[in-house]
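Observations on the three-dimensional arrangement
So the chains spell out like this:
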Amino acid sequence: MPGIDECLLEAMTLPGARGASVVDWTSGLALGTVGDAPGGDHETTAAEAAELARLAAENRSFAPKDGSDWSEWSDQETPIEDLIISNRDSYHVLRFVRTSFDSSVFLHLWLGRSDGNLALARIRLGEMAGRLVLV
């Protein structure tokens, strides 16, 4: 089972990967980073992405239609799987990671739009999130 560094290195093997990080969305801190960061600063990117993740995770508007929240889900499920932001030249994929403690972690992949494959990235990030070991 891979840790943060191994997971990030695997994320960078995806076609079009520009940068990746593991972020705690409650604190906004990057637990690990690799590659480039949008705007050149991984910590700023982590803090800004954490605000977006927190907004989606803590508001029932984005929950499944049954209205359940994080506390009602099994170890293999989360109410929100991922967030995708697209712009002219890239995608940002935030994949939530279920953990045994508080599930406040997500993987952030910055993917080039011209050479990236969004569908493949979603599938592979889901697999990575399922294998990621946080201690």
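Only a predicted model underlies this, so the values are computations on that prediction, with no experimental measurement involved.

The subject of this paragraph is the side chain of serine 21. Within the fold, serine 21 resides in strand 1 (residues 17–24). When its relative accessible area of 7% is taken as the criterion, serine 21 is described as buried. Discounting residues that sit within four places of it in the chain, serine 21 has contacts with Leu8, Gly32, Thr33, Phe106, Leu107 and His108.

Our focus in this paragraph is the sheet that holds strand 3 (residues 82–86). Reading across the sheet, the 5 strands line up as 2-1-5-4-3 and stay open at both edges, with antiparallel pairing between neighbours. Two strands bound the open sheet, and with one partner strand each, they are strand 2 (29–35) and strand 3. Averaged over neighbouring strand pairs, the angle between their axes works out to 15° when direction is ignored. Judged from the 8 bridges that link them, strand 4 (residues 90–97) and strand 5 (residues 105–112) form a sheet pairing that is antiparallel.

We now examine helix 1 (residues 4–11). Every buried residue of helix 1 is listed here: Ile4, Cys7, Leu8 and Ala11. Axial view of helix 1: buried residues confined to an arc of 95°, hence all on one face. Exposed side chains of helix 1 directed beyond 90 degrees from the buried face belong to Asp5 and Leu9. Along its buried surface, helix 1 packs onto strand 1, strand 2, strand 5 and helix 3 (118–131).

With that settled, the discussion passes to the pattern of salt bridges. According to the stated counting rule, one finds 6 salt bridges in the structure shown. For arginine 95, the salt bridge goes to aspartate 82, with nearest N and O atoms at 3.5 Å. In this pair, arginine 95 sits in strand 4 while aspartate 82 sits in strand 3, placing the two residues 13 residues apart along the sequence. Residue classification places arginine 95 among the buried residues on the basis of a relative accessible area of 15%.

Procedures and definitions
- Residues numbered from 1 in each chain as written.
- Predicted model: local features only at pLDDT ≥ 70, side-chain atom pairs only at ≥ 80, totals over all residues.
- Heavy atoms only, no water.
- Helix = DSSP H or I, 4+ residues; strand = E, 2+ residues; numbered from the N terminus.
- Buried < 20%, exposed > 50% of the residue type's maximum accessible area, 1.4 Å probe, protein only.
- Contact = heavy atoms within 4.5 Å.
- Pairing = 2+ DSSP bridges.
- Axes fitted to C-alpha atoms, helices over the stretch in contact; angles between N-to-C directions.
- Arc of directions from axis to C-beta.
- Salt bridge = Lys/Arg side-chain N within 4 Å of Asp/Glu carboxyl O.

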